[in-house]
Every structure is written in structure tokens, then in C-alpha cells.
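Fold and geometry: a report
Letter by letter, the chains look like this.
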Amino acid sequence: QVQLVESGGGLVQAGGSLRLSCAASGRTFSSYVMRWFRQAPGKEREFVAAISYSGGSQFYSDSVKGRFTISRDNAKNTVYLQMTSLKPEDTAVYYCAADRSILRITSTTAIDRSWGQGTQVTVSS
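Read on for a plain summary of the structure. (Residues numbered from 1 in each chain as written. Predicted model: local features only at pLDDT ≥ 70, side-chain atom pairs only at ≥ 80, totals over all residues. Heavy atoms only, no water.)

**Some details on the overall build of the protein**
Along the protein, the regular secondary structure elements total zero helices and eleven strands. In the protein, the succession of α and β elements from N to C terminus is β-β-β-β-β-β-β-β-β-β-β. Relative to the compact-globule value of 14 Å for 125 residues, the protein shows a C-alpha radius of gyration of 13 Å, a close match. Split by element, the accessible area of the protein, about 6500 Å² in all, is 48% carbon and sulfur. Between the mean site of the 14 positive side-chain charges and the mean site of the 9 negative ones, the protein shows a separation of 5 Å. (Helix = DSSP H or I, 4+ residues; strand = E, 2+ residues; numbered from the N terminus. Rg over C-alpha atoms; globule rule 2.2 N^0.38 Å. Areas by Shrake-Rupley, 256 points an atom, 1.4 Å probe, with all protein chains shown as cover. Lys, Arg positive; Asp, Glu negative; His and termini not counted. Charge placed at Lys NZ, Arg CZ, Asp CG, Glu CD.)

**Side note on the nonpolar core**
Counting residues in hydrophobic clusters, the biggest one holds 28 residues, and the most contacted among them are Met34, Trp36, Leu81, Met83 and Tyr94. Taken together, the elements giving at least two residues each to this core come down to β3 (18-24), β4 (33-39), β5 (46-51), β7 (68-73), β8 (78-83), β9 (92-99) and β11 (119-124). In this structure, Phe37, Ala50, Ala97 and Ile105 belong to the second largest nonpolar core, which totals six residues. (Core = buried A, V, L, I, M, F, W, Y, C linked by side-chain atoms within 4.5 Å. Buried < 20%, exposed > 50% of the residue type's maximum accessible area, 1.4 Å probe, protein only.)

**Considerations on the packing of aromatic side chains**
Under the defined criterion, the tally for this structure stands at three aromatic pairs. Their ring planes at 75 degrees and their centres at 5.9 Å tell us that Phe37 and Phe47 sit as a pair that is edge-to-face. One end of the pair, Phe37, is in strand β4; the other, Phe47, is in strand β5, with ten residues separating them in the sequence. In this structure, Phe37 and Phe47 share a single accessibility class: buried. Considering the side-chain rings of Tyr95 and Trp115, the 6.4 Å spacing of their centres and the 85 degrees angle between planes classify their relative orientation as edge-to-face. Of this pair, Tyr95 sits in strand β9 while Trp115 sits in strand β10 (residues 114-115), and the two are 20 residues apart along the sequence. The class for Tyr95 is buried, based on a relative accessible area of 15%. (Phe/Tyr/Trp six-rings, centres within 6.5 Å; stacked < 30°, edge-to-face > 60°.)

**Some thoughts on the environment of Arg19**
With respect to the helices and strands, Arg19 occurs in strand β3. Overall, Arg19 belongs to the partly exposed group, its relative accessible area being 46%. Apart from residues no more than four positions distant in its own chain, Arg19 is found in contact with Ser7, Gly8, Tyr80, Leu81 and Gln82. (Contact = heavy atoms within 4.5 Å.)

Here's what the structure looks like:
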């Protein structure tokens, strides 16, 4: 129902910062809860962050809390993930996702969820 395109990944040193963007197509962006997930080689996909329809509520995994900030600009149909104090263990492919439900906010699966193609984040030590 919505097309998502991530950008902003790259190679950074530990302690550095990176800002990921996810641009959505469509006319009902504000109707979607937006989430970020990541998947490292050999690991399961894990929840990173989520943001409610108008940006009023944000949710984070314990591993990124205090370091990452999720935000959205509904006028631009874009969700962001500002990552600071990056660690090598943050290395993963980062995916944005959109669905209409605020329930089970950390769930890695949902029936009616759209996914972006992913963007690689590599943090060197």
C-alpha cells in the first residue's frame, strides 16, 4: 500500500553519528505507524524504534535507547533515524516499515506491513 525507500547508510567510526531517512510514497502517510528494524549477519531481525502517527510517541529498544532518535515529517512523507554514539554492534542492514497499527509496537512481523529495501550501516572500531 505504500512504497518505502531508505537512504543515508554508510561506513562510520565508533562514536560517530549517522542519519537514516525513509521516504514514503502515497497520500496517507500520517495514517501509518513507522518503525525501524535492523538485521545483522547471522542474527534475527530486531526492533529498533517506532513512532506514532503524528510523531507524539516514540519507542526504542533497550540497546539503542538514549543514542538513537526517531522522528517524522508528515509534510515530507519521511521518517528519520538519527543515530549517535554508534557502536560496532550497531552494524546491520536497517529497514523502515509502515503499517496502520500501534499495537505490539516491537513486533518484527505484521500482515499488512510495507518494508523498504534496507540500507547498510557499518560501524568500525
